Each structure stands twice: as C-alpha cells, then as structure tokens.
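Okay, here's what each chain looks like letter by letter:
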Amino acid sequence: MNFTGTLIGALIGFFLLHGPIGAVIGGMLGFMFDAGRNRRAATPAAGGFIGPLYAILGAVAKADGRVSPEEIAVAERLMGRMNLNPEQRRDAIEAFNIGKSVEFNVTHSIEQLRNWVGSRRDHAFPVLDVVIETVLAEGSPSNEKMAILRQVAFALRVSDMELMALMAMKGYAWNHGGGRSSGQYQGRQGGYAPHRVPEGPDPYAILGIGRDVDDRAVKRAYRKLISDNHPDRLGDLPDDMRRRAESRASEINAAYERIKTERGFK
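Residues numbered from 1 in each chain as written. Predicted model: local features only at pLDDT ≥ 70, side-chain atom pairs only at ≥ 80, totals over all residues. Heavy atoms only, no water.

Draft legend 1. Representation of the environment of Ile50. Tracing the chain through its elements places Ile50 in helix H3 (residues 50-62). Residue classification places Ile50 among the buried residues on the basis of a relative accessible area of 5%. Sequence-wise, Ile50 and Phe96 are 46 residues apart; in three dimensions their C-alpha atoms are separated by 9.9 Å. With near-sequence residues (within four places) excluded, Ile50 lies in contact with Leu84, Gln88 and Ala92. (Helix = DSSP H or I, 4+ residues; strand = E, 2+ residues; numbered from the N terminus. Buried < 20%, exposed > 50% of the residue type's maximum accessible area, 1.4 Å probe, protein only. Contact = heavy atoms within 4.5 Å.)

Draft legend 2. Expanded view of the packing of aromatic side chains. Applying the stated rule across the entire model yields 2 aromatic pairs. Judged by centre distance (4.7 Å) and plane angle (40 degrees), the ring pair of Phe49 and Trp116 falls under tilted. Of this pair, Phe49 sits in the loop between helix H2 (20-42) and H3 while Trp116 is found in helix H6 (residues 106-117), placing the two residues 67 residues apart along the sequence. Summarising the burial analysis for this pair, Phe49 and Trp116 share the class buried. Considering the side-chain rings of Tyr222 and Tyr256, the 3.9 Å spacing of their centres and the 5 degrees angle between planes classify their relative orientation as stacked. (Phe/Tyr/Trp six-rings, centres within 6.5 Å; stacked < 30°, edge-to-face > 60°.)

Draft legend 3. Fine view of the pattern of salt bridges. Taken as a whole, this structure holds 13 salt bridges when the rule is applied. For Arg114, the salt bridge is made with Glu111, and the minimal N-O distance between the two is 2.8 Å. With Arg114 and Glu111 both in helix H6 and 3 residues apart, this pair spans about one turn of that helix. Residue class for Arg114 comes out partly exposed when judged on its relative accessible area of 22%. Across the pair Lys224 and Glu162 runs a salt bridge whose closest N-O atoms are separated by 3.7 Å. Pair noted here: Lys224 is in helix H11 (residues 215-228) and Glu162 is in helix H9 (residues 160-169), with a separation of 62 residues, a long-range link. (Salt bridge = Lys/Arg side-chain N within 4 Å of Asp/Glu carboxyl O.)

Given below as structure tokens:
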C-alpha cells in the first residue's frame with residue numbers, strides 16, 4: 001500500500017496546527033485518501049474480468065480430457081452476447097486457449113476473478129452463471145468440472161446452497177455421489193452428481209432453503225436473494241450479465257410466489 005498521502009497529510013497538519021496533534025489529524029485524513037486510492041488501483045476496469053473468466057472457461061472445458069464442439073460454441077456465443085470488441089475477443093480467445101492447455105493452473109485466474117469481483121455479490125452471481133453455462137454445455141457435468149465450479153464459487157464467497165440455487169434455475173439438482181437423490185445440501189466434502197430435473201426447478205431450491213423451514217425463514221431468504229441479485233446495481237457489467245441478473249431476479253420472484261401460494265401466506 002502506498003502511504004504518500006498519509007505522510008503529506010501529517011506534514012501539512014503539523015505545520016498548519018503547529019504540533020503533533022495536527023500531524024495526527026492530517027495523517028488520518030491522508031491515510032483515508034491512500035486507502036481509497038489503493039482500493040481503486042486494486043480493482044480492474046469493467047472489462048478486466050474477461051481474461052481470467054475465459055481462462056476458467058477453457059479449464060472447465062478441458063477438465064474431462066477434451067474440449068467438445070458444444071463447449072466451444074458456448075464460449076463463442078458468450079463473446080457475441082457480451083458484445084466484445086475485436087481486441088476483447090482476441091483476449092478472450094487467447095485466454096480460453098491458455099486455460100484449456102494441459103499445464104494450466106486455474107487457481108491464479110480464479111484469484112484474479114475474485115479480486116475483480118471484490119465484495120460485490122451482485123457481480124459474483126452473473127459471473128458464476130457464465131461458468132455454469134460452460135459446465136452444463138454437454139448436459140450433466142463430470143466431477144472434474146464440478147470441482148472447478150465449486151472452487152470458483154468458494155472464491156467468490158458463494159455457498160454450495162447458493163450454487164445449488166443457481167443450478168436449480170437451469171433445471172438441475174445435485175446430490176452427494178451415491179447418496180440421497182433429493183438434491184439436498186450435503187456440505188463441501190465429497191463428490192456431487194448433478195442431474196436434470198424433468199419436473200422443473202424446485203422453488204425451495206431456488207431460494208436456497210429446505211421445505212421444512214417456517215414462513216419467516218422463507219421471507220428472510222427471499223429478501224436476501226433479491227438484495228444480492230438486483231439488476232439495477234450492475235451498471236458496469238455487459239448487457240448479457242445484466243440480463244442474467246434480471247432473469248435470476250424473475251426466477252426468485254416466481255419461486256417466492258409459488259411458495260406463498262402453496263403455504264397461503266402474504
């Protein structure tokens with residue numbers, strides 16, 4: 001961290017207020033300036049997520065040993081929907097090719113993506129939704145692809161329960177390998193076996209809650225999800241990611257309405 005502002009503030013405060021108290025006050029103001037400047041410097045520009053994101057998509061595609069035409073088609077479709085300019089498209093293709101190389105270590109790209117997202121949970125969910133699209137490109141994914149997906153989710157501070165909710169919106173549930181088939185949360189240990197749910201998304205899974213919770217817990221889960229996924233807060237993301245957030249908010253509202261109707265509360 002750069003403390004130039006802190007030092008200058010302390011000196012100015014010392015001379016203006018004629019003593020150490022002025023130096024302390026000036027130093028504190030300078031420190032606040034330094035902290036804000038360093039936070040801005042540590043956050044990439046809006047397009048700064050493209051390289052690490054597409055490297056992760058390449059790693060996901062290669063995780064089971066081969067990159068399929070479906071996975072390539074998903075990556076190309078995403079470039080179009082994100083309206084990448086020619087330079088950004090070249091960067092995305094290069095990053096995807098690096099990510100699918102055998103020697104690639106996905107951890108660094110996940111860390112870069114985590115730094116870009118920072119504490120913005122409203123950014124974390126649309127970005128994670130893009131990764132899920134590649135994970136599900138061929139249908140039910142392999143354990144290797146799920147392992148990368150869950151690593152990304154963990155880095156972005158998205159719980160397994162919240163990740164299950166995102167996949168429920170895609171028509172998938174998951175259960176612990178060899179365990180129960182309900183798709184119920186099982187913790188972070190062990191393998192997972194996502195599968196398509198023919199009857200459609202479970203509204204409780206979308207809200208990330210069990211069917212045994214009380215009405216108050218349902219309302220609390222709904223309010224938190226809507227707060228985390230409000231599309232109006234995504235002004236610096238591509239239109240495609242705004243649309244993902246809007247779609248997710250619609251799914252959350254629809255799930256909540258289904259549960260309210262089923263339980264008979266307002």
